[in-house]
Amino acid sequence: MDYLYSYLILSEIYVLLGLSTNLLVGVVGIFSVSQAAVFGVGAYIVGDFLLSGTLSFLPAVAVAAVACIALNVLITLPSLRVAGDYFVVTSFGIQLLASATFTNWTWGTGGANGLPGVPPPDLFGMQIASTRGILAVSTVAAVLGCLAFWLILRAPFGRLLKAIREDELAVAAAGKGVLRAKVSAAALAGAFAGVAGGVYATYLSFIDPTSFDLDASILLLTMVVVGGARTLWGSVLGPFLLLALPQLLTLIAIPTTYAATMQQLVYGALLIAFALFRPQGLLGERL
Amino acid sequence: MLLLQLLANGIVTGSALGIVAVSFALIYSTTRVLHVAHAGVFTLGGYLAWSLVRAGVPDLLALGGAMAGCVVLGAAIQQFLYAPLERRGAAQLVVLIASLGMLEVIQNVLAAVYSPDILQFPSAWAGRVFGLGGLRLTGAQLATVGVDFAAFGWVMWFAHGTLLGKRIRAVAANPFLAEITRLEPRRVHVLVMAIASALVCLPGVLGPLDYGLQPYGGVTPLLTATIAMIAGGIGSLAGAFFLAIAIVVLQNLSLLVMPGEWSIGVTFAIFIVFMLFRPRGLFASG
């Protein structure tokens, strides 16, 4: 039972991250391999605040969300000014730089050893220590995230984003603020990643740089590509499917030392297969 | 003296990354694909050479064998991945995703076959230290400088002095015109990928002679090389080569003031400066 709970909690956290990546890759249409870096910043901020006891869970998550909004806007701004391929370089660079920071800035991140003993989340003075309680927290967070994503894509703002993807020049010519719309989408993506980081840190109570490296970013991209770009259901399906994969791999007996390698291998194969044969993913729209 | 040694090390590693940058620029300017999986081809070269050397093949032959392997992989990626995507009119984003997937597959197949740990070449000459004045360089480092500068000379001659090189530059300059004048851009694309994959194999083998092989070791060099290509100006092969040397020299000199873990930060800072002040690069053509 605990096992199922853990799968559900992690999937829900990754739904938030999937929405975040989907906003950037699917909706705004920029290639990003640095969403795990933003996720990590959120996780470390919440972890640091809760460990030092200066803030309780909700304010800490709020600070993390604001920091991640700022960070994500800062990261994506260049992509909105220079050609698409340059941003790929920016994105790889940010991810590698973030990994270097997570691993080497011992004071803030615990370095390669990570931050152990992050306390469980607390709401209004009550500690939520049980797995079931945390499942409730992650469910609320994921449902709120999905609701926000759904409402935004339906609102005039969402239609504006869609129009930008179809024909950016025409939208600009119609007098709409293209840059502002893209920055807003990036900001929202940052908020999702920050909240996801906070829930992740308090649920696992231990965070280290391997959860936020390039491979993690590629996993997020795979979730969006497999689930489907630009739709809510795509971002929900992707995480639930891909997080089940490690379990499937344990069914075919693979030595545990090769488990991570095999997982990444499958992600890579999925990326190629979907790019070639189904670029819209399982439940998405044309990428 | 330390300064001079760091400078020398920078030029050695820089010339290796210079060839990565030149080969990448060759692909990018012709096919317009940001070939992320090039990092995988780079890594594969080293592992192939390692296997051949372990099997008792002489070092030079092993290098040749590894280059052949890289040529096959590079041409296959163009023929069976990028070309079909191009025919279907796939968005740039989708091609990138496919390329990233390819990189993941190559890296993890290597990790599964050879283990994710660092492997050292058994070649004894590579580790021998030579004193030049006050400088100390290993055999592998000397081979790297020699081979990579020679390879750069060859590329410049090839691109500007041969008919095939001119054909490639014609396709890069105007694919549409190349199509209607029967220069066959598609075949040229496969050819370019083959040549660039053979080139990238050189630093892919010579670098690890010095510091060992690692299946995930290709991403950072490729990122640095790409930054060099952009900073040098897209379309300028010499720009890519010399900017790569300049960046790596700066990276090495930065070791005087900060620890090596942050050298990726130095590279990235250079990129940001270029993005802000000269996004088209130093020697952009056209």
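Every value quoted in this text rests on a predicted model; they were computed, and no experiment measured them.

S.K.: Please give an account of helix H3 (residues 59–87) of chain B that cites residues and values.
M.R.: Residues and elements named next belong to chain B. Across its 29 residues, H3 extends 41 Å between first and last C-alpha, which sits within 8% of the 42 Å expected from 1.5 Å per residue. Along its length, H3 shows its largest kink, about 30 degrees, at Gln-78. Following H3 by one or two positions, Gly-89 adopts a phi angle in the positive range, close to 65 degrees.

S.K.: Lay out the interface of chain A and chain B in plain terms, naming residues and giving numbers.
M.R.: Between chain A and chain B, the residue contacts involve 32 residues of the former and 36 residues of the latter. For the side of chain A that touches chain B, the secondary-structure elements that each account for two or more residues are helix H4 (84–104), helix H10 (214–227) and helix H12 (259–277) of chain A. No other element matches H4(A), which puts eleven residues into the side of chain A that touches chain B. Of the residues in the side of chain A that touches chain B, the class split is 24 nonpolar, seven polar and one charged.

S.K.: Kindly report on the packing of helix H1 (residues 2–31) of chain B against helix H5 (residues 139–161) of chain B, identifying the contributing residues and their values.
M.R.: For any two helices packed against each other, one specifies the crossing angle of their axes together with the interaxial distance. All names here are of chain B. Interhelical geometry of H1 versus H5 gives an angle of 35 degrees and a closest axis separation of 8 Å. The chirality of how H1 crosses H5 is left-handed. Here Ile-11, Val-12, Ser-15, Ala-16, Gly-18, Ile-19 and Val-22 of H1 lie close against H5, whose contacting residues are Gln-141, Thr-144, Val-145, Asp-148, Phe-149, Ala-151, Phe-152 and Val-155. A per-class count over the contact of H1 with H5 returns ten nonpolar, four polar and one charged.

S.K.: Can you lay out the pairing of strand S1 (residues 129–132) of chain B for me, pointing to particular residues and giving the numbers?
M.R.: All names here are of chain B. Where S1 meets strand S2 (residues 135–138), four bridges bridge the pair, whose relative direction is antiparallel. From the neighbouring strand, Phe-130 faces S2, where its bridge partner is Leu-137. Joining the antiparallel neighbours S1 and S2 is a turn of two residues, in which Gly-133 adopts a positive phi near 60 degrees.

S.K.: Please give an account of the nonpolar core that cites residues and values.
M.R.: Membership of the largest hydrophobic core comes to 191 residues, with the highest contact counts inside it found for Ala21(B), Val22(B), Leu199(B), Ala228(B) and Ala244(B). If we ignore the near neighbours within four places in the chain, the residues touching Ala228(B) are Leu17(B), Ala21(B), Ala240(B), Leu243(B), Ala244(B) and Ile247(B).

S.K.: Go over the packing of helix H1 (residues 2–28) of chain A against H10(A) with me, naming the residues and quoting the values.
M.R.: Residues and elements named next belong to chain A. One way to put it is that H1 packs onto H10 with a least axis distance of 9 Å and a crossing angle of 75 degrees. Here H1 is positioned roughly perpendicular relative to H10, judged by the angle of their axes. Contact residues: Tyr-14, Leu-17, Gly-18, Thr-21, Asn-22, Val-25 and Gly-26 in H1; Leu-220, Leu-221, Met-223, Val-224 and Gly-227 in H10. By residue class, the composition of the contact of H1 with H10 is seven nonpolar, five polar and no charged.

Basis of the calculations
- Residues numbered from 1 in each chain as written.
- Chains lettered and ligands numbered in written order.
- Predicted model: local features only at pLDDT ≥ 70, side-chain atom pairs only at ≥ 80, totals over all residues.
- Helix = DSSP H or I, 4+ residues; strand = E, 2+ residues; numbered from the N terminus.
- Expected span 1.5 Å × (residues − 1).
- Bend = angle between axes of the 7 residues up to and from the residue.
- Contact = placed C-beta atoms within 7 Å.
- Nonpolar A, V, L, I, M, F, W, Y, C, P; charged D, E, K, R; others polar.
- Axes fitted to C-alpha atoms, helices over the stretch in contact; angles between N-to-C directions.
- Left-handed = near helix turned anticlockwise from the far one by under 90°.
- Pairing = 2+ DSSP bridges.
- Core = buried A, V, L, I, M, F, W, Y, C linked by C-beta atoms within 7 Å.
- Buried ≥ 20, exposed ≤ 12 C-beta atoms within 10 Å, placed from the backbone.
- Parallel < 35°, antiparallel > 145°, perpendicular 65-115°, else oblique.

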